[in-house]
Amino acid sequence: MSIASFYIVGIGLSIGGVDPLCEIFSGLPGKANASFLIIQHLDPAYRSQLAERLQNFTTIKVNVAKHAQLIECNQVYVLAEGQMMTIEDGKILLSNRHHDETVNKAVDIVFKSMALDLGNRAISVILSGLDGDGSLGATQINQQGGITIAQLPSSAKFPSMPESAISSGQTHFILSPKEIARILTEIIKE
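The rules we used
- Along each chain, residue indices are assigned from 1 in the same order as the chain's sequence is written.
- Thresholds applied to this predicted model are a pLDDT of at least 70 for local features of residues and 80 or more for the giving and counting of side-chain atom pairs; totals over whole chains, interfaces and linings are not thresholded and use all residues.
- Side-chain measures were taken over the full set of non-hydrogen atoms in the model, leaving aside hydrogen atoms and water.
- For two strands to count as paired, DSSP must find a minimum of two bridges between them.
- Segments assigned H or I by DSSP are reported as helices when at least four residues long, segments assigned E as strands when at least two residues long, and all are numbered from the N terminus.
- Exposure is judged per residue with a 1.4 Å probe applied to protein chains only, and the accessible area is read against the type maximum: over 50% gives exposed, under 20% gives buried, and values in between give partly exposed.
- Whether two aromatic rings pair depends on their centres lying within 6.5 Å, for rings of Phe, Tyr and Trp, where Trp uses its six-membered ring; planes under 30 degrees apart make the pair stacked, over 60 edge-to-face, and the rest tilted.
- Think of it as a cone above the ring: NZ of Lys or CZ of Arg counts as a charge over the ring if it is within 6 Å of the ring centre and within 35 degrees of the ring normal.
- By definition in these notes, contact holds between two residues if any of their heavy atoms fall within 4.5 Å.
- Whenever a helix is involved, its axis is fitted only over the stretch in contact; in every case the axis is a line through C-alpha atoms, and angles between N-to-C directions fall within 0 to 180 degrees.

**Student:** Let's hear about the pairing of strand β7 (residues 91-96): which residues, and what values?
**Tutor:** Sheet topology places strand β4 (residues 69-70) next to β7; two bridges connect them, and they run antiparallel. The residue bridging glutamine 69 from the neighbouring strand is isoleucine 92, located in β7. Across six bridges, strand β6 (residues 83-88) lies against β7 in antiparallel orientation. Looking at the pairing, methionine 85 lines up with leucine 94 of β7. If you look at the hairpin formed by β6 and β7, you'll find two residues sitting between the two strands, and aspartate 89 has a positive phi there, around 50°.

The following block contains the structure:
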């Protein structure tokens, strides 16, 4: 199956975003015409256990992203700690995060590459977190014909990330995690 035939959903989250992420995946169908890139802000010294935890909430296969890995339909790819991700020609490209970076822009970087590589087959979702990461990349996705979704700030423990996306004026949907699962199911149905 060509990458042009399915959606890629990038989901960015930081502090307070894991529970909404799990709620979204528990509400998605077991088979979808999409793949998912999960970008979580993490301290590079902290070993992520998100892939293992998320697998408990979905029957979709959850993988830790690997460099030069071809993105396949109906798969989840979780960014590991200490790395940055882009996509190009339907492949995941990883690089090491620089230790001197005080502001993590991993979500913006992935979303920007999704906009360039996928156009209207890109969907961005911004969940709970403390900064504005993701809003610039979501704007680029919207400008390329993709869809942008922000978590309803009142449902987020730390609403700064979704609020920043909403204030950009580029979000198509502002929803609770349960509603995000519902709208994604509608968009990515086969």
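**Student:** An account of unusual backbone geometry is needed here, citing residue identities and associated values.
**Tutor:** Although it is not a glycine, asparagine 74 sits at a positive phi angle of roughly 65°. Mapped onto the elements, asparagine 74 comes out in the loop between β4 and β5 (75-78). One non-glycine residue, aspartate 89, lies in the positive phi region at around 50°. For aspartate 89, the location among the structural elements is in the loop between β6 and β7. Judged by relative accessible area, aspartate 89 falls into the exposed class, the value being 64%.

**Student:** Quick rundown of the sheet that holds β4? Include the residues and the values.
**Tutor:** Here three strands make up an open sheet; going across it, the order is β4-β7-β6 and the pairing antiparallel. The sheet terminates laterally at β4 and β6, the two strands that pair on one side only.

**Student:** Quick one: what's the story with the packing of aromatic side chains, residue by residue and with numbers?
**Tutor:** Applying the stated criterion across every chain, the model contains one aromatic pair. Pairing phenylalanine 25 with phenylalanine 36 gives two aromatic rings, centres 5.1 Å apart and planes at 70°, and the pair type is edge-to-face. Of this pair, phenylalanine 25 sits in helix α1 (residues 18-26) while phenylalanine 36 sits in strand β2 (residues 34-40); the two residues are eleven residues apart in sequence, bridging distant segments of the chain. A residue is classified by how much of its surface remains accessible, and phenylalanine 25, at 1% relative accessible area, is buried. Seen from the ring of tyrosine 7, arginine 121 lies directly overhead, with NZ or CZ sitting 4.1 Å from the centre.

**Student:** Talk me through the side chain of serine 113; I want residue IDs and the actual numbers.
**Tutor:** Of note, serine 113 is situated in helix α3 (residues 106-118). A relative accessible area of 9% means that serine 113 is categorised as buried. Each residue touching serine 113, except ones within four places of it in the same chain, is listed here: Thr86 and Ile87.

**Student:** Please provide a residue-by-residue account of the sheet that holds strand β10 (residues 173-175), values included.
**Tutor:** On the basis of which strands lie adjacent, the open sheet formed by seven strands has the order β3-β5-β2-β1-β8-β9-β10 and parallel pairing. This sheet does not close on itself; its edge strands, each paired only once, are β3 (61-64) and β10. Across the sheet, the mean angle from the axis of one strand to that of its neighbour is 20°, orientation sign disregarded. Sheet analysis places strand β1 (residues 7-13) next to strand β8 (residues 122-126), joined by five bridges and oriented parallel. Considered in β8, the bridge of valine 9 is made with isoleucine 123. α3 rests against β1, β2 and β8 of the sheet, and its axis sits at about 165° to β1.

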